[in-house]
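Analysis of the macromolecular model
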Amino acid sequence: MRLLLSFLLPVSLALPLAAQSPTAHASKKPKSASRSAKPVPLAPLNERERAVQMLNRFTFGARPGELEHIQAMGSQSWFEQQLNPESIPDAALDKRLNDYPTLKMSAPEILNVLPDRAMIQQVAQGKRPMPADPLLAAMYEVQVYKYNQQQEKKTPNAPEPTDAEKEQKKQQDQVTAARIAGDLFALPKNQRMQALAKMPVEDRIAFTTQVAGEQRSILLGEFTPRERELFYGMSANVNAIGQAAQELAQAKVLRTILSERQLQEVMTDFWFNHFNVYIGKDSDQWYTTPYERDVIRKNALGNFKDLLLATATSPAMMVYLDNWLSIGPNSLANGVNPANPNAKKGSKGLNENYGREVMELHTVGVNGGYTQQDVTALSSILTGWGVAVVGQGGPFMFDEKKHEPGAKQWFGMTIPDTAPEDGMQQGVQALSALAMKPATAHFISYLIAQRFVADEPPATVVDAMAKSFLDSQGDIKTVLRTMVESPEFNSRRYFRNKMKTPLEYVASAFRETGTDPVNPGALVNTLRSMGMPQYYALPPTGYYLTADHWMNTGALVDRLNFAQQLTGNKFANQKFDAARLLALGLLSMQPEPPGPRTQAVSLDMSQPLTAKGGPAIALKVLEDTLVGGQVSEQTASLIHQQLAQQPADANPADTLNLLTALVMGSPEFQLR
């Protein structure tokens, strides 16, 4: 660790200046796109660099050999294939995703199999029946038991157990858990959960909370995915719904690393961040999974207007930005009755959260020309847009009784009055108009270019993309093609100039080393510790994706620690094979005389880095494999210094692991 820390300061100084600023944007307000008084000619990328650029921008990292594959296929042909993800088989990922049953469920189904506290309270109070399915009922029984225990502790003068009593109870439960584990191991795998479900509730709690170590790992590994959910539900406090967020986050990590449909995953990540919802808010705990699946991923490479309307009619968005609570001041729901003008008016009114954010963040942008009056008017237009039976996972619903009646003046146009049964059309008309405004075309194009070209994208490419946006009526594929074909995207000025976010860094560490992620839960925790917990961005802006937010000394320490743990086989039982990575890199490198490339698989890593063989060759292979080219002289010098401090009798395998960690901690690997 001391060696890596001594590597840290020089590496941080080697990062691009823009990447080191500690200042984060206060809001998603794009600066004016870069405009040079005297345009400087752009040096174009060669074919290999263009393939690297494609992989850096439209995947979460190039796997060993993928660069050569794309060069042979043609980078443009590869890009067109990625634009049509349904044509790309993804069987390996699909198999892994089968471990997460909630990914395919509707919101009510998720809530049913992973009940929240309110649902358990209803069951405990007899207001809701137990599930008919015996295994699910077994989990509910545990949750109800825990709920009742919590209620008993709230009664006046309820005795509080001493620390000694708590410790004694824990030890008893551990003995019980060990006994039950032995009983379950004696049964066929497909009978274990049924046997557990028939045990007394106290035994189920003792087992699921106290079974540990290898016993826990083996049993969980041999449960079906649905049985694992039941196990986690029994072990959870009174709110099993949190498991849905865990499954979604683990699936996200697996998609970034394993999916063959990389462009779709990159764009799904981009659009979810743009139309952010916070999974921890109320019923979004069960609405977020179908939101990403049916709204974001489904439309990620489609039409922007369709995407905007899909988010607006999603319960997840209505809950997150509180539009389901918005009521027209003159609506029937607020006590206004046209047949009785003297009726007392209620105190309920507009909630402007969604009306503001859909303009400021989702469409025209903060400089899009709207006023506070436009925010109020749009919020009025969107009254009635909400959710049916929100606490039970109900669908989007338009409630005419909550809708503010009458025509509205908004954003320089009149939204005409409608018949009561067609009140929703006012909102559809307004959002459709927003989707096609020139300000929206520019704002969305800016953000896409910021994600794929530069933190401060050049005005020329943004303007070209905005024109394509309007000409194609918001076709996302057309906008991406315009960007990819631009001189700026294909120039050295905008090559390897984007800093990786924590998600991009972690995913690329696995993809570029060809490492199979056997413990996605550990990666979810790693992203949380790096400041990017998936689906938990609280503000509507989502996570900022520019370098000034993510690059600082603390972030580099986290990344270097992660690289060292991963390459040293010290990360969550994850297997890492540096020798295999080296061999794969050698096989994909351009032949360089003298001698066959395969000679270096058994390199003598005990040699000094300055020698012609050994670490010097390994470093070049790792540079090509992990970075796509050579590291800078400064980085190479720092790596030399680190390896020179290795003891003379250092294990060659440890030296190779350290070398890999240093390349993964280099400024060049931080960039894409």
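That block above? That's the structure.
This text gives an overview of the structure that appears in the document.

Conventions we followed
Residues numbered from 1 in each chain as written. Predicted model: local features only at pLDDT ≥ 70, side-chain atom pairs only at ≥ 80, totals over all residues. Heavy atoms only, no water. Helix = DSSP H or I, 4+ residues; strand = E, 2+ residues; numbered from the N terminus. Contact = heavy atoms within 4.5 Å. Phe/Tyr/Trp six-rings, centres within 6.5 Å; stacked < 30°, edge-to-face > 60°. Buried < 20%, exposed > 50% of the residue type's maximum accessible area, 1.4 Å probe, protein only. Lys NZ or Arg CZ within 6 Å of the ring centre and 35° of its normal. Arc of directions from axis to C-beta. Expected span 1.5 Å × (residues − 1). Salt bridge = Lys/Arg side-chain N within 4 Å of Asp/Glu carboxyl O.

The topology assignment puts Gln 250 in helix 15 (residues 242-258). When near neighbours in sequence (up to four residues on either side) are disregarded, Gln 250 contacts Tyr 100, Pro 520, Gly 521 and Val 524.

The next thing to look at is the packing of aromatic side chains. All told, the structure shown has 23 aromatic pairs when counted by the stated rule. Measuring from ring centre to ring centre gives 5.1 Å for Phe 58 and Phe 79, while their planes differ by 45°; the resulting arrangement is tilted. Remark: Phe 79 occurs in helix 5 (residues 75-82) and Phe 58 occurs in helix 3 (residues 47-58); sequence separation between them is 21 residues. Phe 79 matches Phe 58 in its accessibility class, with the two residues each being buried. One aromatic cluster is present, built from ring pairs that chain together Phe 58, Phe 79, Phe 270, Trp 271, Phe 275, Phe 304, Phe 452, Phe 469 and Phe 489. Of note, Lys 437 hangs over the ring of Phe 411, and the distance from its end group to the ring centre comes to 4.3 Å.

A separate point is helix 4 (residues 66-73). Listed as buried for helix 4 are Glu 66, Leu 67 and Ile 70. Taken end-on, helix 4 shows its buried residues confined to a sector of 105°, consistent with a single buried face. Contacts made by the buried residues of helix 4 are with helix 3, helix 5 and helix 26 (502-511). Just beyond helix 4, the residue with positive phi is Gly 74, at close to 100°.

Let us look at helix 17 (residues 284-299). Each turn of an α-helix holds 3.6 residues, which means side chains three or four residues apart point in the same direction. Taking 1.5 Å per residue, 16 residues should reach 22 Å; helix 17 reaches only 20 Å between its end C-alpha atoms and comes up short. Counting buried residues along helix 17, 13 of its 16 residues qualify, which places the element largely inside the surrounding structure.

The next thing to look at is the pattern of salt bridges. Across all of its chains, the model carries 28 salt bridges by this definition. Notably, a salt bridge pairs Arg 179 with Asp 203, separated by 3.6 Å at the nearest N-O pair. Within this pair, whereas Arg 179 is found in helix 10 (residues 163-185), its partner Asp 203 is found in helix 12 (residues 201-210), the two being separated by 24 residues in sequence. Among the residues examined, Arg 179 registers a relative accessible area of 43% and is labelled partly exposed. One salt bridge in this structure joins Arg 297 and Glu 265, with 3.1 Å as the shortest N-O distance. Here the residue Arg 297 occupies a position in helix 17, and Glu 265 occupies one in helix 16 (residues 262-274), the gap between them amounting to 32 residues. In this structure Glu 265 comes out as buried when scored by relative accessible area, which is 4%. Because the salt bridges share partners, they merge into one network encompassing Arg 63, Glu 66, Glu 260 and Arg 511.

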